Amino acid sequence: MMAERGGGRGGGCCPPMDLLRSEPMHLVQVIIPIESAHQTVANLGDLGLIQFKDLNADKSPFQRTYATQIKRCAEMARKLRFFREQMSKAGLLPSAKSLSRADIDMDDLEVKLGELEAELIELNGNGEKLQRTYNELVEYKLVLEKAGEFFHLALSTAQQIEFRSQQTGEESLDTPLLMEQEMTTDSSKQVKLGFLTGLVPRDKSMAFERIIFRATRGNVFLKQAVLEDPVIDPVSGGKVEKNVFLVFYSGEKAKNKIIKICEAFGANRYPLPEDLCKQVLMVTEVSGRLSELKTTIDAGAQLRRNLLQTIAEQYEQWNLLVMREKSIYHTLNMLSIDVTKKCLVAEGWSPVFATKQIQDALQRATFDSNSQVGAIFQILHTKESPPTYFRTNKFISSFQEIVDAYG
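Keep in mind that this is a model prediction, so the values were computed, not measured.

### Some words on helix α7 (residues 252-264)
Here is step 1: Under the 1.5 Å per step criterion, the end-to-end length of α7 is 18 Å for 13 residues, consistent within 8% with the ideal 18 Å.
Here is step 2: Looking at α7, one finds that the buried residues are A254, I258, I259, I261 and C262. Within α7, the buried residues cover an arc of 165° as seen down the axis, which keeps them to one side. Opposite its buried face, α7 presents the exposed residues E252, K253, K260, E263 and A264, each directed more than 90 degrees away.
Here is step 3: Next to the buried residues of α7 lie β3 (194-201), α6 (205-215), β7 (242-249) and β8 (268-270).
Here is step 4: Within two residues after α7, G266 carries a phi angle of roughly 70°, on the positive side.

### Focus: the nonpolar core
Here is step 1: Core analysis: the biggest nonpolar cluster contains 45 residues, and F83, L332 and L335 have the highest contact counts within it.
Here is step 2: Only β1 (25-33), α2 (37-47), α3 (67-89), α4 (106-168), α8 (276-332), β10 (343-351) and α9 (355-368) provide two or more residues apiece to this core.
Here is step 3: Per-element accounting of this core gives the leading share, eleven residues, to α8.
Here is step 4: Ranked by size, the runner-up nonpolar core spans 20 residues in total, among them Y140, F195, V231 and L290.

### Concerning the pattern of salt bridges
Opposite charge on two side chains makes pairing possible when the charged atoms of those side chains draw close.
Here is step 1: All told, the structure shown has 15 salt bridges when counted by the stated rule.
Here is step 2: E110 is paired through a salt bridge with R72; the nearest N and O atoms lie 2.7 Å apart. Taken as a pair, E110 in helix α4 and R72 in helix α3 lie far apart in primary sequence, 38 residues in all.
Here is step 3: Residue class for E110 comes out partly exposed when judged on its relative accessible area of 26%.
Here is step 4: Here R72 falls in the partly exposed class, since its relative accessible area comes to 29%.
Here is step 5: Put simply, R72, D107 and E110 are held in one network by salt bridges that share partners.

### Points about unusual backbone geometry
Here is step 1: The phi torsion at R217 lies on the positive side, around 55°, for a residue other than glycine.
Here is step 2: Looking at where R217 falls in the secondary structure, it is placed in the loop between α6 and β4 (221-226).
Here is step 3: Positive phi, normally seen in glycine, also occurs at N370, with a value near 55°.
Here is step 4: Looking at where N370 falls in the secondary structure, it is placed in the loop between α9 and β11 (376-380).

### Quick notes on the environment of G148
Here is step 1: Relative to the helices and strands, G148 resides in helix α4.
Here is step 2: Owing to a relative accessible area of 11%, G148 belongs among the buried residues under this scheme.
Here is step 3: For the pair formed by G148 and L276, sequence separation is 128 residues and the distance between their alpha carbons is 7.1 Å.
Here is step 4: Every residue in contact with G148, bar those within four places of it in the chain, is listed here: V143, L276 and Q279.

### Some points on the packing of aromatic side chains
A ring pair, where both rings are aromatic, is described by two values, the distance of the centres and the angle of the planes.
Here is step 1: As enumerated under the stated definition, the model contains nine aromatic pairs in all.
Here is step 2: Ring geometry for F195 against F248: centres 5.7 Å apart, planes inclined by 50°, an arrangement best described as tilted. Of the two residues, F195 is situated in strand β3 and F248 in strand β7; the sequence distance between them amounts to 53 residues.
Here is step 3: A relative accessible area of 21% places F248 in the partly exposed class.

### Digging into a nonpolar patch on the surface
Here is step 1: A contiguous nonpolar patch, built from F395, F399, I402 and Y406 and spanning about 560 Å² of accessible area, is present on the exposed surface.
Here is step 2: You can see I402 is positioned in helix α10 (residues 397-406).

### Description of the environment of L332
Here is step 1: Tracing the backbone shows L332 in helix α8.
Here is step 2: You can call L332 buried: its relative accessible area is 1%.
Here is step 3: Through-space distance from the C-alpha of L332 to that of D54 is 9.5 Å; in sequence the pair is 278 residues apart.
Here is step 4: Filtering out sequence-adjacent residues up to four positions away, L332 remains in contact with A37, H38, V41, Y66 and L344.

### Overview of the packing of α2 against α9
Here is step 1: For the pair α2 and α9, interaxial distance at closest approach is 8 Å and the crossing angle is 145°. Judged by the sense of rotation from one axis to the other, the crossing of α2 with α9 is right-handed. Residues Q39, T40, N43, L44 and L47 of α2 pack against Q357, I358, A361, L362, R364, A365 and D368 of α9.
Here is step 2: When grouped by side-chain class, the residues that make up the contact of α2 with α9 number six nonpolar, four polar and two charged.

### Quick word on the sheet that holds β4
Here is step 1: Overall, antiparallel pairing links the four strands, which are arranged β4-β7-β3-β8 in an open sheet. Taken across any chain shown, the strands that pair with only one partner, and hence form the sheet edges, are β4 and β8. Averaged over all adjacent pairs, the angle separating strand axes in this sheet is 25°, with direction ignored.
Here is step 2: With six bridges joining them, β4 and β7 adopt antiparallel strand pairing. Looking at the pairing, K223 lines up with L246 of β7.
Here is step 3: Contacts between α6 and the sheet are confined to β3, β4 and β7, with β4 contributing the most and set at about 170° to the helix.
Here is step 4: Its contacts with the sheet place α7 against β3, β7 and β8, and it is angled at close to 165° to β7.

### Some points on the confidence of the model for the protein
Here is step 1: For the protein, the mean per-residue pLDDT works out to 84, and 83% of the residues sit at or above 70.
Here is step 2: Element-level mean pLDDT values for the protein span from 35 in helix α1 (residues 2-6) up to 95 in α3.
Here is step 3: With pLDDT under 50 throughout, residues 1-12 is counted as low confidence; its partners more than four residues away or in other chains account for twelve contacts.

Rules used throughout
Numbers given to residues run from 1 along each chain, matching the order in which its sequence is written. For this predicted model, a pLDDT threshold of at least 70 governs which residues receive local features, and a threshold of 80 or more governs which side-chain atom pairs are given and counted, while totals over whole chains, interfaces and linings are taken from all residues. Note: side-chain values were computed over all heavy atoms of the structure, leaving out hydrogens and water. Each helix is a run of H or I in the DSSP string that is no shorter than four residues. Each strand is a run of E no shorter than two, and both are numbered from the N terminus. Given a helix with a known number of residues, its expected span is that number minus one, times 1.5 Å. Between buried and exposed lies partly exposed: a residue is buried under 20% and exposed over 50% of the maximum accessible area for its type, with that area taken using a 1.4 Å probe on protein chains only. Here the arc refers to the directions that run from the helix axis out to each C-beta atom. Any two residues whose heavy atoms approach within 4.5 Å are treated as being in contact. Residue types Ala, Val, Leu, Ile, Met, Phe, Trp, Tyr and Cys, when buried and joined through side-chain atoms within 4.5 Å, form a set referred to as a nonpolar core. Whenever a carboxyl oxygen of Asp or Glu lies within 4 Å of a side-chain nitrogen of Lys or Arg, that contact is scored as a salt bridge. Centres within 6.5 Å make a pair out of two Phe, Tyr or Trp rings, where for Trp the six-membered ring is used; the pair is then stacked when the planes are under 30 degrees apart, edge-to-face when over 60, and tilted otherwise. Residues form patches when they are more than 30% accessible in relative terms and have no salt bridge. Like charges link within 9 Å. Nonpolar side chains (Val, Leu, Ile, Met, Phe, Trp, Tyr) link within 5 Å. To be clear on the numbers: accessible area is Shrake-Rupley with a 1.4 Å probe, and residue cover counts the displayed protein chains and nothing else. Orientation is described by axes fitted as lines to C-alpha atoms, over the contacting stretch for helices, and by angles from 0 to 180 degrees between their N-to-C directions. In this scheme the crossing of two helices becomes right-handed for a clockwise turn of the near helix relative to the far one and left-handed for an anticlockwise turn of less than a right angle. In this classification, the charged set is Asp, Glu, Lys and Arg, the nonpolar set is Ala, Val, Leu, Ile, Met, Phe, Trp, Tyr, Cys and Pro, and all remaining amino acids, among them Gly, are polar. DSSP calls a pair of strands paired once it identifies at least 2 bridges connecting them. By definition, pLDDT measures how confident the predictor is in each residue, and it falls between 0 and 100.

As structure tokens, then:
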């Protein structure tokens, strides 16, 4: 009874052992004409039933026949990675609707990818320059508004003191020690005060103030105003909490020291006119330029997004084509070239049942490449241990992929 149930690989109640044992393998040799080598390897790769042996193991990657073609494919793959990074930053995903293999010439694709990369780099560069200018103008407008308040407050305070003195006829504690007539008599002895304005990071503002005070030995007047909202730094491009500063100084030496301290602390300096009317006009002018720049930046961003959407529609197809082409040339580098340099010799392992399919693939490659000579297929007898090949079904294919992944 046991013998009857277990008799034969496919008979009885026991399942066949085909899925648990490797298929019979043999070593084959293929002699391929040079003009049909690319198409032959492509057809065999699509078939996936032959494992090529590396017949050029003694050569470095740069000494192999198709090193130049692999370098070209690697450069195209780099451009595609650049496109992927830019699409990720823009929040776009490659479209998967056009994954069918199209008849695209690799030379045309190389030129197209180069043109798209150059255009995208130019758009990025222009956008960064415009954005930096925009951020600088935003900071400049804040400086004009905050520093202008200092001047306006000082002027109104001086006017109020003068008005009270005229009304009472008495000098108060806020009245200047020198009368206006005494101050204007000898103009050569008057000291001209200069000032610098800008923005400094808030976390560095206290140290910034102390360093300026010590470097100038206290011969400065520094005023700071806190900005409520963070601003985008033109240099780093990140949001930073900043303070507007206004420094009054006397002399060129003090000015040079303050400028160097500003550079060391990353404080951005901006020019400020002394006249209040000019300050108001400057605020209006800067606001107009900001509006124009915002329109230009939005138009450039839309143009860049349209370009990235065009790339996203073809990205997967291009990426698949480049990876496939690179794999073909990697395989061609494993083949040995004949002494006549007219054919390539390939050796590899394949299942016995796949012999007819491999021969059909070789015939199709000869026909598609318009080669006058077909590839020669022959079986080699060897005592080497063959690799294994397991036929899989829907259930065990996932387990076989795990084994293939770990080798």
